[in-house]
Amino acid sequence: MPRFTVHVRDEWLTVPCKDATCSIKWLAFEALKRYIKNKPDNGGIQHIKDVHFVVRRCQGLGLLDNDDTIEDVLEDNDFVELGNITNMVYMFSVSYKEPEQYISLDGNSLTSTDLVNLGKGLYMIKLTPEAEQKVVQSRELLDTIVKENKVVYGITTGFGKFARTVIPVSKLNPLSPERTRMLLALRINVLAKGYSGVSLETLHRMIQAFNASCLSYVPEKGTVGASGDLAPLSHLALGLMGEGKMWSPKSGWADAKYVLEAHGLKPISLKPKEGLALINGTQMITSLGAEAVERAEAIARQADIIAALTLEVLKGTTKAFDSDIHELRPHPGQKEVALRFRSLLDSDHHPSEIAESHRFCDRVQDAYTMRCCPQVHGIVNDTIEFVKKIINTEINSATDNPMVFAERGETISGGNFHGEYPAKALDYLAIGVHELASISERRIERLCNPSLSELPAFLVNEGGLNSGFMIAHCTAAALVSENKVLCHPSSIDSLSTSAATEDHVSMGGWAARKALRVVEHVEQVLAIELLAACQGIEFLRPLRTTTPLEKVYDLVRATVKPWIKDRFMAPDIEAVHRLLVDQKVWNIAGPYIEKYCMEYIPESRPSSPTAFALDPPPSPRKRVSLP
C-alpha cells in the first residue's frame, strides 16, 4: 500500500493510500483530518470543506493540481506539504498580498537579487520609457521586413525542426510559482532590451500577466540549453496565449484562458517573429541559476557563523585566523572568512567564558575542519563571486535569434541563445558550494564523537536509551555523498538535436537544477551542524560563548528546544533550515561582523604554546573594510 508523508504546518503526517487513483485533493483532506485530530483546538480549522490550500512537492516546491490522481504525479514514500492553509472566506486576503512597489526594467540593470525578489512576489514590474522606445523601433523594422516580403529566418520563414517527445505525466514537475515568476520576469527584461522585435502590445500583456501573478504551467525538465530553453519557454508562452494550464493565487490551477479572463486580461496574439522572441533564450537556466547563486551566497556567509560556533563548542583556538597568516596568501575570500571568524571570536572584543576555560591548555593546533575554514570556505566565496558576475551579465543579455538592430536597419543571425556560459558557471558553483557541506559533515562528526569532542556521545545523555544526533549525522553524510554525484558537470555533455541543426548544446537546464539541489543539501547539512553545535553548548553551561554567538544560540532555541531525549528530528532540521534560507542567522550575527570591521578594533592575539618571541608585536590598529 503506497504511503505518503504530508507536512501540515508544524506536523509531519503519514497517509496510507489504498487506491492510487484517488486525487491529490483527497490526500490533502486526509492529512488535514489527521492534523485536526492531533490538535485540541482543531488547529483553528472549523470545517475542512471550507479550507483553501495549495499542495507542493517538498523536493523542488512544485505545485500539484488538486484534480490530478496520485498515481500520475507521486511515487510511493513521496513527501508533500500543504501551504497557505486558510479558511476559504479569507483565502485572497491572507494567502496573497499584491505588492505595492515596482521595479523598472530596461534590459540592462536587473540583478540576481532583484530577480529573486520578483520571484517572491515582492514587486510588480514596469518598463522604462527608454526601453519602450527601443522595443517600438525594433518592431517597426520587422513590420517593414514583413511588408516588403523579404526572406528572413524566423520572421518570414519557419524555424528549426522540432521533435515531439511525450513525457509521462508522473515525471513532469512544474516550476514553483516563485520560479515561474522569475522566469517570466527575466523574459520580459530581455525583451525590454529592444533587440528581439516583439511588439510593445505583446510585452505589455506579459507584464500585466506578471503583475496579476498569472503563471503558466512550466515543466522543470525538457531543455538542453541550446537553442535556448525552447521547451520551458514554449510552455511559458503557451499560457500567455490562453492555452494549456495557468495558476494564480485567486484561481488556483485552471485553463489558461479562464485564468486570464478572471483577471480581466487578454491572451497574446502572436505577430511575425514573436514566436521565436518568446521561446528562444537562456532564461530558464539563468533564472534558476540566479536563485542558486543567491542562496549559495547566503549559506556561505552563514556557514562561517556556524563553524565559529562549532569551534567554540570544540574548544578550538583562534590563532589560525591571525591576519598576518592570511596576508601571506591574500585570496579575497580567504581573508574575508578569517575576518569574520575574528569578528565573532575576538576574546577582547567579545569575551567568551568557554574560550577562557581552555586558554592555557597545551593544544598546539586544531583539526583541518576548523583550522582551514578560511582556506576552504574562502574559495567558495570567490567561486560564488565569479558565478554571480556571469549570471548577472546573462540576466541583462539579449539571447534570442535573430537579433534585430533597428539603428542599422537589419537583422543578424547569431548564437547568443547558446547556454554554455551559465551552464559552465553553474556546474562550477555546484562543485564549489558543495565543499561547505563536505567540511561541515566532518565537523558534525567531531561534535558527535566523544573521543574528539569531550562531550557525551552523539550529544545526548543516557546514550543507548537515546541515540541523540546519531541518525542526524547519517543524514548529513548521505546528503554529502549525494552531492558528490550531483557535482558531476552536466555541461561536458552534448547531444545533437533538431536534425543536426543544433548539433552542440549546453545541457544548462540540468546544470541549474542540480546546482539548486546541491545548494539545498548544503543548507540542510549546515542546519544539522547548527543544531548539533547548539546542543553542544548545553553541555558547557553555565559557561557562555561570545555575544554574537549567544545571539545565534538564542535564535535557534526560540525555534527548537534542547535535545533532552529522543524525538522526531525532521521538524527541527526543517525549522533551522528555514532560518538559514531566510538568512535569519546572518541577520542576527551580521551586524556584529560589520561593526567589528568598521571600528578601530585591536586584533587580539591569544598566547600559544608555540610562541617564542619574548616581546610579541603590538596588535595592529587599523580600519578594515568589508570586501
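What you see is a predicted model, and the numbers here were worked out from it, not measured in a lab.

**Q** Help me understand the overall build of the protein chain, please; the structure alone is not making it clear to me.
**A** For the protein chain, the count of helices and strands is 23 helices and 12 strands. Taken across its 627 residues, the protein chain has 53% of its residues classed as buried. In the protein chain, the share of contacts with a sequence separation of at least 24, taken over all contacts with a separation of at least 6, comes to 76%. Of the roughly 27800 Å² of accessible surface on the protein chain, a fraction of 54% belongs to carbon and sulfur atoms.

**Q** Explain the environment of Ala-192 here, please?
**A** Its location among the elements puts Ala-192 in the loop between α6 (177–191) and α7 (200–211). Taking the C-alpha atoms as reference, Ala-192 lies 5.5 Å from Ala-131; in sequence the two are 61 residues apart. Residues within four places of Ala-192 in sequence aside, it is in contact with Leu-105, Asp-106, Gly-107, Leu-127, Ala-131, Val-135 and Leu-203.

**Q** Would you take a moment to explain the packing of helix α4 (residues 112–119) against α6 for this structure?
**A** The relative placement of two packed helices comes down to the angle between their axes together with the axis-to-axis distance. It is at 7 Å that the axes of α4 and α6 come closest, and there the two elements cross at 125°. The pairing of α4 with α6 is recorded here as oblique in orientation. By crossing handedness, the relation of α4 to α6 is classed as right-handed. Contacts between α4 and α6 involve Leu-115, Val-116, Leu-118 and Gly-119 on the former and, on the latter, Glu-178, Arg-181, Met-182, Ala-185 and Leu-186. For the contact of α4 with α6, the class distribution of residues is six nonpolar, one polar and two charged.

**Q** Help me out: how do you make sense of the side chain of Ser-196 in this one?
**A** Mapped onto the elements of the fold, Ser-196 is located in the loop between α6 and α7. Judged by its relative accessible area of 1%, Ser-196 falls in the buried class. Engagement of the side chain of Ser-196 in a polar contact is seen with the side chain of Asp-400, the distance being 2.9 Å.

**Q** Help me out: how do you make sense of helix α23 (residues 584–598) in this one?
**A** Note that an α-helix has 3.6 residues per turn; residues three or four places apart therefore point the same way. Taking 1.5 Å as the rise per residue, α23 with 15 residues should run 21 Å; its terminal C-alpha atoms sit 22 Å apart, in good agreement. Largest kink in α23: about 35°, centred on Gly-590, with the proline Pro-591 one to four residues after it. Close packing links the buried residues of α23 with α11 (283–313), α13 (332–345), α20 (508–538), α21 (547–557) and α22 (570–581).

**Q** Explain the packing of α13 against helix α16 (residues 373–395) here, please?
**A** Two elements in contact, α13 and α16, have axes whose closest approach is 7 Å; the angle formed by their N-to-C orientations is 125°. Relative to α16, the element α13 lies oblique. Here α13 and α16 pass one another in a crossing that is right-handed. In this structure, α13 contributes Pro-332, Gly-333, Gln-334, Glu-336, Val-337, Ala-338, Arg-340 and Phe-341 to the contact, and α16 contributes Cys-373, Pro-374, Gln-375, His-377, Gly-378, Asn-381 and Asp-382.

**Q** Please explain a nonpolar patch on the surface as it appears in this structure.
**A** Residues Ile-379, Phe-386 and Tyr-428 make up a contiguous nonpolar surface patch of about 280 Å² in total accessible area. Along the chain, Ile-379 falls in helix α16. Ile-379 sits in the partly exposed class, given a relative accessible area of 45%.

**Q** Would you explain the sheet that holds strand β9 (residues 245–248) in this entry?
**A** Spatial ordering of the open sheet is given by β8-β9-β10, a layout of three strands whose pairing is antiparallel. Strands at the two margins of the open sheet, each flanked by one partner only, are β8 (215–216) and β10 (252–255). One ladder, built from two bridges, connects β8 with β9; its direction is antiparallel. Note on β9: the bridge partner recorded for Ser-216 is Met-246.

**Q** Help me understand the pattern of salt bridges in this model?
**A** Side chains that differ in charge, positive against negative, can pair when their charged atoms come close. Counted by the stated rule, this structure contains 29 salt bridges. Among the ionic pairs, Arg-139 bridges to Asp-143, the shortest N-O distance being 3.1 Å. In this pair, Arg-139 and Asp-143 are both assigned in helix α5 (residues 129–147), four residues apart and thus about one turn of the helix distant. Overall, Asp-143 belongs to the partly exposed group, its relative accessible area being 38%. Each of Arg-179, Glu-291, Arg-295 and Glu-523 takes part in salt bridges that share partners, so that together they form one network.

**Q** Would you explain the environment of Lys-18 in this entry?
**A** Mapped onto the elements of the fold, Lys-18 is located in the loop between β2 (11–16) and α1 (24–38). Taking the relative accessible area as the measure of exposure, Lys-18 reaches 78% and is therefore exposed.

**Q** Looking at this structure, how should I read the packing of aromatic side chains?
**A** The description of an aromatic ring pair rests on the distance of the ring centres and on the angle between the ring planes. Within the structure shown, the criterion is met by five aromatic pairs. A centroid spacing of 5.6 Å and a plane angle of 70° characterise the contact between Phe-386 and Tyr-428, whose relative ring orientation is edge-to-face. Linking Phe-386 in helix α16 with Tyr-428 in helix α17 (residues 420–448), this pair joins segments that are 42 residues apart in sequence. It is Arg-408 that lies over the ring of Phe-405; its NZ or CZ is 5.4 Å from the centre. Above the ring of Tyr-553, the side-chain terminus of Arg-541 is found at 4.7 Å from the ring centroid.

Calculation criteria
Residues numbered from 1 in each chain as written. Predicted model: local features only at pLDDT ≥ 70, side-chain atom pairs only at ≥ 80, totals over all residues. Heavy atoms only, no water. Helix = DSSP H or I, 4+ residues; strand = E, 2+ residues; numbered from the N terminus. Buried < 20%, exposed > 50% of the residue type's maximum accessible area, 1.4 Å probe, protein only. Contact = heavy atoms within 4.5 Å. Areas by Shrake-Rupley, 256 points an atom, 1.4 Å probe, with all protein chains shown as cover. Axes fitted to C-alpha atoms, helices over the stretch in contact; angles between N-to-C directions. Parallel < 35°, antiparallel > 145°, perpendicular 65-115°, else oblique. Left-handed = near helix turned anticlockwise from the far one by under 90°. Nonpolar A, V, L, I, M, F, W, Y, C, P; charged D, E, K, R; others polar. Polar contact = N/O pair within 3.5 Å; in protein donor to acceptor, adjacent residues only side chain to side chain. Expected span 1.5 Å × (residues − 1). Bend = angle between axes of the 7 residues up to and from the residue. Patch = residues over 30% accessible without salt bridge, like charges linked within 9 Å, V, L, I, M, F, W, Y side chains within 5 Å. Salt bridge = Lys/Arg side-chain N within 4 Å of Asp/Glu carboxyl O. Pairing = 2+ DSSP bridges. Phe/Tyr/Trp six-rings, centres within 6.5 Å; stacked < 30°, edge-to-face > 60°. Lys NZ or Arg CZ within 6 Å of the ring centre and 35° of its normal.

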